[in-house]
Amino acid sequence: MAIKFNTTHAEEFVSAADIKALEAQAVNAMNTLHNKTGEGSDYLGWVSLPTDYDKEEFDRIKKAAEFIKDNADVLIVIGIGGSYLGARAVIEALKSPNYNSLKKDTPDIYFIGNSISPQSLNEIISICEGKDICVNVISKSGTTTEPAIAFRVFRDMVNSRYSPEEASKRIFCTTDKAKGTLKKLADTEGYETFVVPDDVGGRYSVLTAVGLLPIAVAGIDIDALMSGARNAQNELNGTDVESNIALKYAAVRNAFYNRGTKLECFVSYEPCMAMFNEWLKQLFAESEGKDGKGLFPVSCIFSTDLHSLGQYIQESGSSLMFETVIKFNKPQSDFLITEQEGNIDGLNFLAGKTMSFVNEKARQGTLLAHTDGGVGNLVIECEDITEDTIGYLIYFFEKVCAISGYVLGVNPFNQPGVESYKKNMFALLGKPGYEKEKESLENRLGIC
């Protein structure tokens, strides 16, 4: 397997007996997933996606990425939630959080339409001045407020800079295969379209065109990414909890939850994984956070956050949280610490050692300190940060989340709570049809 799962430093908090008690539920949950007999079974296209993906569309994605690389200084990716988090997570993990500032032969990539901040919008508009741009808008319907506002702006920008024929080549729509506002506009204007599959929810969609087009534009090998996911699909099917690490992780998470633990803290010692942690937070929060249930996902980058949150984590105790650490044995690059004359900073004892060595000792020291403080540590160990490994991790976490959700007794594929703020926002904005709600909400807010 591309990854290993180690529970050694959680065993004093959740015992082998605790995990054993959940084995049958975890296996039943996986069978429910595979047999498509549970709630949300209409959204299980991701389960077989690494082998059953649309090969023709996959080739078109690569061709579109080459066009964008050849013709654009900047790619604007418009989407919110699962429509952008996965792509940004993969790009930052495999390239860099500083991707746009690096010397490279691929376009800068900016993600917009994931907030309603005018400052964020104006900054990206300013960045695009004097540069050739392409736009990839990602929306199943085309009417979600945040990306729809951004698409208005950048579609106008493209139309004002280029001829109608050229403009139509520079806008790519990832949307419903047959219906919806965005699909209709794309057909009318001649934009190339890619499909948001009907049977894959947004937070599980990174390995579809939703994530793959921006990822390919960044120069990432999407064949290798899918190969890693395919390996996970093939390997994470056994019913033995000790050998199927997806089953074991799902069982351990629920064992922590059953003993009253409230939070799961996703941790990496590589800053390039910060957005991957954000993707994990959406994946688990939207999948499990319903019906008054579920662990609350939070995240940290160590050792950075040890100097801000470390005190709290150290003394929070297992009733509040446990940590899931994603560990990489080989960094993407390394740095050798040299000896300094005079040893002014007292660090010559590190001379001849690499930064990755020091980073690993920080991880080991933190693991011992936090477990001594009552915070259990789960370790997901990866050999390196490559396309194959990241593809494997994506599928692994998706499968763990689905199994864990079924064990918890919720539908891991819906998100009914997300709609509540939208209804209130539409009413307060004065959207037609919400007049009655508008008055009631304004009264509650004390708006005259």
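Refer to the structure printed above.
What counts as what
- Residues numbered from 1 in each chain as written.
- Predicted model: local features only at pLDDT ≥ 70, side-chain atom pairs only at ≥ 80, totals over all residues.
- Heavy atoms only, no water.
- Phe/Tyr/Trp six-rings, centres within 6.5 Å; stacked < 30°, edge-to-face > 60°.
- Helix = DSSP H or I, 4+ residues; strand = E, 2+ residues; numbered from the N terminus.
- Buried < 20%, exposed > 50% of the residue type's maximum accessible area, 1.4 Å probe, protein only.
- Lys NZ or Arg CZ within 6 Å of the ring centre and 35° of its normal.
- Axes fitted to C-alpha atoms, helices over the stretch in contact; angles between N-to-C directions.
- Parallel < 35°, antiparallel > 145°, perpendicular 65-115°, else oblique.
- Left-handed = near helix turned anticlockwise from the far one by under 90°.
- Contact = heavy atoms within 4.5 Å.
- Polar contact = N/O pair within 3.5 Å; in protein donor to acceptor, adjacent residues only side chain to side chain.
- Pairing = 2+ DSSP bridges.
- Patch = residues over 30% accessible without salt bridge, like charges linked within 9 Å, V, L, I, M, F, W, Y side chains within 5 Å.
- Areas by Shrake-Rupley, 256 points an atom, 1.4 Å probe, with all protein chains shown as cover.
- Salt bridge = Lys/Arg side-chain N within 4 Å of Asp/Glu carboxyl O.
- Core = buried A, V, L, I, M, F, W, Y, C linked by side-chain atoms within 4.5 Å.

S.K.: Looking at this structure, how should I read the packing of aromatic side chains?
M.R.: The geometry of an aromatic ring pair is captured by two quantities: the separation of the ring centres and the angle between the planes. Using the criterion set out here, one finds 20 aromatic pairs in the structure. Look at Trp46 and Tyr204: their rings are 5.0 Å apart centre to centre, the planes differ by 25°, and that puts the pair in the stacked class. A residue pair is termed long-range when its members are at least 10 positions apart, and Trp46 in the loop between helix H1 (16-35) and helix H2 (49-52) and Tyr204 in the loop between strand S6 (192-195) and helix H9 (209-217) qualify at 158 residues. Judged by relative accessible area, which is 1%, Trp46 ranks as buried. Here Lys104 stacks its cationic end above the ring of Tyr99, 4.9 Å away from the centre of that ring. Over the face of the ring belonging to Tyr249 we find Arg253, whose NZ or CZ atom lies 6.0 Å from the ring centre.

S.K.: Looking at this structure, I do not really get the packing of helix H4 (residues 85-94) against helix H12 (residues 274-288). What am I missing?
M.R.: Each pair of packed helices can be summarised by the angle the axes make with each other and by the distance between the axes. Running from N to C, H4 and H12 cross one another at 150°; their axes reach a closest spacing of 7 Å. In this view, H4 runs roughly antiparallel relative to H12, as classed from their interaxial angle. Pair H4 / H12 crosses with left-handed handedness. In this structure, H4 uses Leu85, Gly86, Arg88, Ala89 and Glu92 to contact H12, whose residues at the interface are Met275, Phe276, Glu278, Trp279 and Gln282.

S.K.: How should I be thinking about the side chain of Ser268 in this particular structure?
M.R.: Examined against the element boundaries, Ser268 turns out to sit in strand S7 (residues 263-268). One polar contact links the side chain of Ser268 to the main-chain amide nitrogen of Glu270, over a distance of 3.1 Å. Setting aside residues up to four positions removed in sequence, Ser268 forms contacts with Met273, Asn277, Cys300, Ile301, Phe302, Ile326 and Phe328.

S.K.: Mind showing me how you'd approach the sheet that holds strand S5 (residues 171-175) here?
M.R.: On the basis of which strands lie adjacent, the open sheet formed by five strands has the order S3-S2-S4-S5-S6 and parallel pairing. Every other strand in the sheet has two partners, leaving strand S3 (108-112) and S6 as the edge strands with one partner each. Between one strand axis and the next, the sheet turns through 20° on average, direction left out of account. As judged from the five bridges shared by strand S2 (residues 74-78) and S3, these two strands associate in the parallel manner. Within the sheet, the bridge partner assigned to Val74 lies in S3 and is Asp108. Each of S2 and S3 is contacted by helix H5 (residues 118-127), which is oriented at about 155° to S3, the strand it contacts most.

S.K.: Would you mind going over a nonpolar patch on the surface with me for this structure?
M.R.: Together, Leu428, Leu445 and Ile447 make up a nonpolar patch on the protein surface, roughly 260 Å² of accessible area in all. Residue Ile447 is classed as partly exposed on the basis of its relative accessible area, which comes to 42%.

S.K.: Can you help me understand the nonpolar core in this one?
M.R.: If you look at the biggest cluster of nonpolar residues, it comprises 101 residues, and the most contacted ones within it are Trp46, Phe276, Trp279, Ile390, Leu393, Phe396 and Phe397. Among the elements that make up this core, the one with the highest residue count is helix H15 (residues 387-408) (13 residues).

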